[in-house]
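Summary of the model geometry
One-letter residues, chain by chain:
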Amino acid sequence: MGKISALRCISCEKEFNADEIEYTCPSCGQRRGTLEVIYDYRKLKKILTRRYFSNNGEHTMWRYLPLLPVEDRRFVQPLRVGFTPTYQFPHLASHYGLEALFIKDDGQNPTASYKDRASSVVVIKAQEKHKRVITCASTGNAASSLAGFSAATDLQTIIFVPRTTPAAKVTQLLVYGAKVFLVDGSYDAAYDLASEAAETFGWYNRSAALNPYLVEGKKTGALELAEQLSWNVPDVVLVAVGDGSVISGICKGFEEFHSLGLIERIPQVVGVQAEGAAAVATAFQRYNGGKVTIEDVEAQTVADSISVGKPRDIVKAVTYVARNGGYFVTVTDTEIITGISTMARQTGVFAEPAGAAPFAGLVKLVSKGELSGRRVAVMVTGNGLKDIVAARKAVEPAVEIEPTLIAVEEHL
Ligand SMILES: Cc1ncc(COP(=O)(O)O)c(C=O)c1O
Ligand SMILES: [Zn+2]
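Before going into details, it helps to say that this report is about the structure given with it.

1. Focus on the environment of Leu-92
Relative to the assigned elements, Leu-92 resides in helix 4 (residues 90–95). Note: C-alpha distance between Leu-92 and Gln-346 (254 residues apart in sequence) is 7.4 Å. Aside from chain neighbours lying at most four places away, what touches Leu-92 is Leu-101, Gln-346 and Thr-347.

The following block contains the structure:
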């Protein structure tokens, strides 16, 4: 038997063996029946001590291998994924009235987004399962990370992204050698098409939420944050939410470290959504501990990565955030665009719109008098160079001049 004790349905809690099911619980269906990966925590507790980690010389997310669903480490790629920097900004913290402010920059992953954590795991699972073709629908980053991590394998990669995906992301796909379909429709349409194609042609599907192993990679950002802050986790962690998988991963990571006795408490995880694509935030407001109410929307936001109207991991995201005392906040497109330049100017970290949304959320919460005196971490999930068209909206154009000193003086 491998490492995984069971795959458990988030809604009915039925448990399956990892080799008897690929994607979601058949009784609860695609969106309500997403699966959680369960390990033998009693056994892990004996191995995964603080001393184990202080002696661990692996400075990538593979330092958490015992807590990841990978069975065959020969498939681990040499690309350096995870263990991204967590910066501290004491002056800025005082400026915002916080006790501490941390920024974790996942724009520094191999394909420049948080999604590398998930794709790296699923590309390994595809090879362990002897798959030949891997596919996904994506707003862009999941796809570029999948293409990047499968590039040096024998897997053929087939991608479905909306036609409006930023050029940098589409270029990444093409450069890595993926077959790319630009779908004339929303991400939600691309998602359904990828699912249908995967089922019809027998491809392995990496699309968000459907594949249970993605959240496992996505939890490693939380594990790193705990270690990088010497096990003294922040009070609040802000993260952008589209489908709800990244936030679910972050919550699961903290929960697992807590149940292993490595951290004393679980931070409040705060989901940040764009006002025009806030289905998870709305479901959270209506949630009272029972069944999660799902109401899809027509997504409309400048933050392409979180432009999701039909969030696929909504049940997990709402359930996990609620049980750890977190909450959701929404920000406007203007706040997101301003967030890009404000964060870049105040910290030197340049994020794409979705990556800057949590910073915009921070500014908004501070302006409402919340977060005062707290230790806050902002997860930057995507690099600013992914979408320079959006970034340009945050700044004045550069000054064009003749090559003379007089021209320089005129504009000083
Ligand atoms: C940069 C960035 N931030 C946040 C997210 C949100 O992740 P999720 O869709 O899992 O909620 C994504 C997803 O594509 C992303 O690319
Ligand atoms: Zn179920």
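And the narrative resumes.
2. Observations regarding the sheet that holds strand 3 (residues 35–39)
The strands making up a sheet associate through hydrogen bonds between their backbones, and the pairing can be parallel or antiparallel. What the three strands build is an open sheet, ordered 2-1-3; its pairing is antiparallel. Edge positions in the open sheet fall to strand 2 (15–16) and strand 3, since each of these has one partner strand only. Here strand 1 (residues 4–9) runs beside strand 2; their pairing, made up of two bridges, is antiparallel. When the bridges of strand 2 are listed, Arg-8 appears paired with Glu-15.

3. What about helix 12 (residues 279–286)?
Taken residue by residue, helix 12 has Ala-279, Val-280, Ala-281, Ala-283 and Phe-284 as its buried positions. Looking at the buried side of helix 12, the elements it contacts are strand 11 (268–274), helix 13 (314–323) and strand 12 (327–331).

4. Overview of the site of ligand 1
Among the 22 residues in the neighbourhood of ligand 1, the closest are listed as Gly-242, Ser-245, Ser-305, Thr-381 and Gly-382. Every element with two or more residues in the shell around ligand 1 is listed here: helix 6 (141–150), helix 11 (245–259) and helix 15 (353–367). Per-element tally for the shell around ligand 1: the top contributor is helix 11, with three residues. Class assignment of the residues belonging to the shell around ligand 1 gives a composition of nine nonpolar, 10 polar and three charged.

5. Focus: the sheet that holds strand 6 (residues 133–137)
The parallel open sheet is built from four strands, whose spatial order is 8-7-6-9. Pairing within the sheet leaves two strands with one partner each, and these edge strands are strand 8 (179–183) and strand 9 (204–205). Bridging between strand 7 (residues 156–162) and strand 8 involves five bridges; their strand directions are parallel. Paired with Phe-160 across the bridge in strand 8 is Phe-181.

6. Some words on the environment of Glu-255
Mapping Glu-255 onto the fold places it in helix 11. On a C-alpha basis, the gap between Glu-255 and Lys-219 in space is 9.6 Å, while along the polypeptide they are 36 residues apart.

7. Remarks on the environment of Ile-4
Its place among the elements puts Ile-4 in strand 1. The partly exposed category is assigned to Ile-4, around which 19 C-beta atoms lie within 10 Å. The spatial distance from the C-alpha of Ile-4 to the C-alpha of Leu-67 is 9.3 Å, given a sequence separation of 63 residues. Residues within four places of Ile-4 in sequence aside, it is in contact with Ala-18, Val-37, Tyr-39 and Pro-69.

8. Quick word on the packing of helix 6 against helix 7 (residues 167–175)
Between helix 6 and helix 7, whose axes approach to 8 Å, the crossing angle comes to 20°. By the angle between their axes, helix 6 is roughly parallel relative to helix 7. Like other packed secondary-structure pairs, helix 6 and helix 7 cross with a definite hand, here left-handed. The segment helix 6 lies against helix 7, with Asn-141, Ala-143, Ser-144 and Ala-147 engaging Lys-169, Gln-172 and Leu-173. Each residue belonging to the contact of helix 6 with helix 7 can be placed in one class, and the counts come to three nonpolar, three polar and one charged.

Conventions adopted
- Residues numbered from 1 in each chain as written.
- Chains lettered and ligands numbered in written order.
- Predicted model: local features only at pLDDT ≥ 70, side-chain atom pairs only at ≥ 80, totals over all residues.
- Helix = DSSP H or I, 4+ residues; strand = E, 2+ residues; numbered from the N terminus.
- Contact = placed C-beta atoms within 7 Å.
- Pairing = 2+ DSSP bridges.
- Buried ≥ 20, exposed ≤ 12 C-beta atoms within 10 Å, placed from the backbone.
- Near = placed C-beta within 6 Å.
- Nonpolar A, V, L, I, M, F, W, Y, C, P; charged D, E, K, R; others polar.
- Axes fitted to C-alpha atoms, helices over the stretch in contact; angles between N-to-C directions.
- Parallel < 35°, antiparallel > 145°, perpendicular 65-115°, else oblique.
- Left-handed = near helix turned anticlockwise from the far one by under 90°.

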